[in-house]
Amino acid sequence: AQYDLEAASCAQIKITLSRSRKAVITSLTSKAAFVKKRAETMEREVSDLRNQKKLLEREIATHKKMEEASRSEFVHLYEQYASGQLSKEEFVSGKENCAEERSRLRSSIHEASERNREIDSSIEAIVQAARAEAEFASDMFNDITDEVIKKYVKRITVYPDAVIDIEWQPKGPFAPKAEKG
């Protein structure tokens, strides 16, 4: 038989409402401790990702400066060639080296920029998950009312041997799976 907070009569399933409510509250409380630890882990992940982002931004800035220096070097090579200080072969060799260096730097800048975008997406996903968990934790530190229980519990199933299964809502910080209590 299934226990629905609104519809079922505890007398029909031979378990008291207080016992089923206590089982749910006990489970929610234990999950609150888990959520708190997971939130701390998420904070560290976000901090690590932000540090990676700063390093990538420095790398991008450095490579942009190096790319500009390579352009300046090319201009300098051209000026030397135009004034007769470099042979055509030296100029062509220097020009090719500058072009290869700029291409390598552009590629590196592009890769770092892509990684930065991935980090931004990761941070946003973690922050959204953390918001859901913060809401849950907030609910757990206040009185656990029937409304709070309904918010996180999809269904409570009580078996004839008085084993209680709790099925969680898919929208909360928990995967929708049953827990025996």
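Bear in mind that the values here come from a model prediction, so they are computed numbers and not experimental data.

Chemist: So what's going on with the pairing of strand S3 (residues 164–168)? Residues and values would help.
Modeler: Counting buried positions over the five residues of S3 gives four, a clear majority of the element. Inspection of the sheet shows strand S2 (residues 153–158) paired to S3 by five bridges, in the antiparallel sense. By the bridge assignment for S3, Ile156 is matched with Ile166. In textbook terms, the turn of a hairpin is the stretch between consecutive antiparallel strands, and for S2 and S3 this stretch comprises five residues, one of which, Ala162, has a positive phi near 70°.

Chemist: Please give an account of the nonpolar core that cites residues and values.
Modeler: Counting residues in each nonpolar core, the largest one holds 16 residues, and the members touching the most others are Val24, Leu28, Phe136, Met140, Tyr152 and Val153. Of all the secondary structure elements, the ones that give two or more residues to this core are helix H2 (17–82), helix H3 (88–141), helix H4 (146–152), S2 and S3. Here this core takes four residues from H2, the largest share from any one element. Core analysis: the next-biggest nonpolar cluster, separate from the first, contains ten residues, Ile60, Ile109, Ile123 and Ile126 among them.

Chemist: So, the environment of Glu68: which residues are in play, and what are the values?
Modeler: Tracing the backbone through its elements, the reader meets Glu68 in helix H2. Residues Glu68 and Arg102, 34 residues apart in the sequence, show an inter-C-alpha distance of 8.5 Å.

Chemist: Pulling in residues and values, what's your account of the packing of aromatic side chains?
Modeler: Applying the stated criterion across every chain yields a total of three aromatic pairs. Centre to centre, the rings of Phe74 and Phe91 are 6.0 Å apart; their planes meet at 40°, and the pair counts as tilted. Here Phe91 lies in helix H3 and Phe74 lies in helix H2, a separation of 17 residues in the sequence. When its relative accessible area of 26% is taken as the criterion, Phe74 is described as partly exposed. With centroids separated by 4.8 Å and ring planes inclined at 15°, the aromatic side chains of Tyr81 and Phe91 adopt a geometry described as stacked. Highlighted residues: Tyr81 in helix H2 and Phe91 in helix H3, separated in sequence by ten residues. By relative accessible area, Tyr81 is classed as partly exposed at 31%. Residue Phe91 is classed as buried on the basis of its relative accessible area of 9%.

The rules behind each value
- Residues numbered from 1 in each chain as written.
- Predicted model: local features only at pLDDT ≥ 70, side-chain atom pairs only at ≥ 80, totals over all residues.
- Heavy atoms only, no water.
- Buried < 20%, exposed > 50% of the residue type's maximum accessible area, 1.4 Å probe, protein only.
- Helix = DSSP H or I, 4+ residues; strand = E, 2+ residues; numbered from the N terminus.
- Pairing = 2+ DSSP bridges.
- Core = buried A, V, L, I, M, F, W, Y, C linked by side-chain atoms within 4.5 Å.
- Phe/Tyr/Trp six-rings, centres within 6.5 Å; stacked < 30°, edge-to-face > 60°.

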